[in-house]
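These are the residues of each chain, in order.
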Amino acid sequence: MLDYTNPNLLVDTATLEAGSTAWRSPSNLAIVKYWGKHGVQLPRNPSISFTLQSAFTETLVEYAPKTSTEEGIELEFLFHREPNEAFRAKVLKYLESLTDIFPFLRQLQLRVQSGNSFPHSAGIASSASSMSALALCLCTIEDTLFDTLGDDEAFERKASYIARLGSGSACRSIYGGLGLWGKTDLHEGSSDLYAVPFQEAHEIFQSYQDDILIVSRGEKAVSSRAGHALMEGNPYAPARYQQANARMQSLLDALRAGDLETFGQIAENEALTLHALMMASNPSYMLMQPNTLEMIYRIRAYRADTKHPVYFSLDAGPNIHLLYPQDIIHEVRPWVDAELAPLCEENAYLPDFVGEGPEEI
Ligand code: PMV
């Protein structure tokens, strides 16, 4: 069992120089969804996602030797340049949970600044981009101080593992293209502990379009954390986990073959299954809004009329992800502007696409 606990990762604070690291890390959109977990952020089923490009978090971590003798982690946290106590408390709790893996965190004074390219808590998986960006910064600090993660694969694997501990889906954002998380016989090297890149997809999926239609910028009424917890009492949960495994097989085949129709059918069904599970939870809840449904009807009608392979997905929120190959962008965009944008909050949508993964900045 992979164990990153390492009591040797301690610095000599008398000689340590201050430093900083910054990463831009994207959000991701799962096609087969992760919904339901156990143990320490372990998934109940394997999942696979597109790593996006335009929806990202940028995080800067500055560190210096701690001057106070206090035991705990010393953290200042700014979100979009403003102190944010709620986020600071979350990040502090996360960093404290990592002190067996990164014991040097207790020896440092940390100043973390973070910002998103999109509204947070609106179902654009802000936790995936923010937790992956922070995890990458932590691994870079480790590598700078101890020269332990020089090998790219070792670095990415650890960053993915650390990101997972912050938010399960974040572990897939470490890789460009597609990321697969969760042990499955269908993919060699897959693990519940970290994600791996899925590099066998047909080239049409390497540049796929994923426009995010913002139905609402508001905060979600029920967090993903609470949603995962509700799966434990959900009578449909065992069938769901079985279904996800079966779909993984069909989806991987479709991704390899460039089969847009099978891909799209699975993407839509997974999105609706996710929301059906929420509606069938006890207590029941619903994150889709009237305009989410209106868009779904319009997308399906457009597909039937034009035969264009335009499909949708949803994350744990009301916003629509519009999925289509880039070679039909000039036909699809005018229709999005005319028919879907008016259903978005302030006509806002974020044109996005499958991206290259995180970047050190
Ligand atoms: O990473 P979490 O705990 O916020 O869970 C997110 C789960 C979904 O976004 C709904 C699906 C997924 O696989 O990303």
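Structure shown above.
Residues numbered from 1 in each chain as written. Predicted model: local features only at pLDDT ≥ 70, side-chain atom pairs only at ≥ 80, totals over all residues. Heavy atoms only, no water.

Undergrad: Looking at this structure, I do not really get the site of the ligand. What am I missing?
TA: As a structural note, the neighbourhood of the ligand is formed by 14 residues, with Tyr34, Ser167, Ser169, Arg172 and His228 the closest of them. With respect to the ligand, the side chain of Asp315 contributes an N or O atom lying 3.2 Å from an oxygen atom. Taken by itself the ligand offers 380 Å² of open surface, and the protein chains cover 94% of this. Taken together, the residues of the shell around the ligand sort by class into 5 nonpolar, 6 polar and 3 charged. Built from parts of two domains, the shell around the ligand gets at least three residues from each of domain 1 (19–200) and domain 2 (204–350). (Near = heavy atom within 4 Å. Polar contact = N/O pair within 3.5 Å; in protein donor to acceptor, adjacent residues only side chain to side chain. Areas by Shrake-Rupley, 256 points an atom, 1.4 Å probe, with all protein chains shown as cover. Nonpolar A, V, L, I, M, F, W, Y, C, P; charged D, E, K, R; others polar. Domains from an automatic or database assignment.)

Undergrad: Teacher, can you tell me more about the side chain of Glu142 here?
TA: Relative to the elements of secondary structure, Glu142 occurs in helix 2 (residues 126–146). Ignoring sequence-local partners within four residues, the contact set of Glu142 consists of Leu9, Phe102, Phe104, Asp147, Thr148, Leu149 and Lys158. (Helix = DSSP H or I, 4+ residues; strand = E, 2+ residues; numbered from the N terminus. Contact = heavy atoms within 4.5 Å.)

Undergrad: Got a minute to help me understand the packing of aromatic side chains in this structure?
TA: What describes a pair of aromatic rings is the distance from one ring centre to the other and the angle between the planes of the rings. For the structure on display, the rule yields 13 aromatic pairs. Ring geometry for Trp23 versus Phe155: centroids 6.0 Å apart, planes at 25 degrees, classification stacked. Pair noted here: Trp23 is in strand 1 (residues 19–32) and Phe155 is in helix 3 (residues 152–166), with a separation of 132 residues, a long-range link. Residues Trp23 and Phe155 agree in their burial class; the two are buried. Within the aromatic cluster, the residues linked to one another by ring pairs are Phe50, Phe205, Tyr208 and Phe263. If you follow Arg24 out to its NZ or CZ, it ends over the ring of Phe56, 4.8 Å from the centre. (Phe/Tyr/Trp six-rings, centres within 6.5 Å; stacked < 30°, edge-to-face > 60°. Buried < 20%, exposed > 50% of the residue type's maximum accessible area, 1.4 Å probe, protein only. Lys NZ or Arg CZ within 6 Å of the ring centre and 35° of its normal.)

Undergrad: So what exactly am I meant to see when it comes to the pairing of strand 1 here?
TA: Remember that side chains alternate between the two faces of the sheet whenever the strand is regular. Extensive coverage of strand 1 is indicated by the burial of 11 of its 14 residues. As defined by bridge partners, strand 1 adjoins strand 14 (residues 359–360) across 2 bridges and the pair is classed as antiparallel. Bridging from a neighbouring strand, Arg24 pairs with Glu359 of strand 14. (Pairing = 2+ DSSP bridges.)

Undergrad: Just checking my understanding: could you explain the pattern of salt bridges for this structure?
TA: Where charged atoms from two side chains of opposite charge approach closely, those side chains can pair. Evaluation of the coordinates by the stated rule reveals 19 salt bridges. With its nearest N and O atoms 2.6 Å apart, the salt bridge here joins Glu58 to Arg24. Taken as a pair, Glu58 in strand 4 (residues 47–65) and Arg24 in strand 1 lie far apart in primary sequence, 34 residues in all. The exposure class of Glu58 is partly exposed, given its relative accessible area of 30%. Arg24 sits in the partly exposed class, given a relative accessible area of 27%. With a closest N to O distance of 2.7 Å, Arg240 and Glu270 form a salt bridge. A residue pair is termed long-range when its members are at least 10 positions apart, and Arg240 in helix 5 (residues 237–257) and Glu270 in helix 6 (residues 260–279) qualify at 30 residues. (Salt bridge = Lys/Arg side-chain N within 4 Å of Asp/Glu carboxyl O.)

Undergrad: What is the right way to read the sheet that holds strand 10 (residues 209–213) from this model?
TA: The pairing of strands in a sheet comes from backbone hydrogen bonds and takes either a parallel or an antiparallel form. With antiparallel pairing, the 4 strands of this open sheet are ordered in space as 11-12-10-13. Strands with a single pairing partner mark the edges of an open sheet, and in this sheet they are strand 11 (311–314) and strand 13 (349–350). Relative to strand 12 (residues 320–324), strand 10 is paired through 5 bridges, and the arrangement is antiparallel. Each residue of the ladder has a partner; that of Asp211, found in strand 12, is Leu322. Where helix 7 (residues 290–306) meets the sheet, it contacts strand 10, strand 11 and strand 12, and its direction lies at approximately 155 degrees from that of strand 11. Set on the sheet, helix 8 (residues 329–340) makes contact with strand 10, strand 12 and strand 13; between it and strand 12 the angle comes to about 155 degrees. (Axes fitted to C-alpha atoms, helices over the stretch in contact; angles between N-to-C directions.)

Undergrad: Is there a simple way to explain the layout of surface pockets in this structure?
TA: A probe matching the size of a water molecule, rolled over the atoms, marks out where space remains unfilled. Of the voids in this model, the second largest pocket is the one considered here, and its volume is about 250 Å³. Surrounding the second largest pocket, Ala22, Phe56, Glu58, Thr59, Leu60, His80, Arg81, Gln113, Ser114, Gly115, Asn116 and Ile361 form its lining. Of all the elements in the fold, those that place two or more residues in the lining of the second largest pocket are strand 4 and strand 7 (108–116). Residue classes in the lining of the second largest pocket are distributed as 4 nonpolar, 6 polar and 2 charged. (1 Å grid on protein atoms, 1.4 Å probe; cavity = no way out; pocket = protein on both sides within 12 Å on 5 of 7 lines; lining within 4 Å. Points joined across faces, edges and corners; volume = space filled by probe spheres on them.)

Undergrad: How should helix 6 be read in this particular structure?
TA: Residues lying three or four places apart along an α-helix face the same way, a consequence of the helix completing one turn every 3.6 residues. With 20 residues, helix 6 extends 29 Å between its outermost C-alpha atoms, agreeing within 8% with the 28 Å of an ideal straight helix rising 1.5 Å per residue. The N-terminus of helix 6 is capped by Asp259, whose side-chain oxygen sits 3.3 Å from the backbone nitrogen of Glu261. (Expected span 1.5 Å × (residues − 1).)

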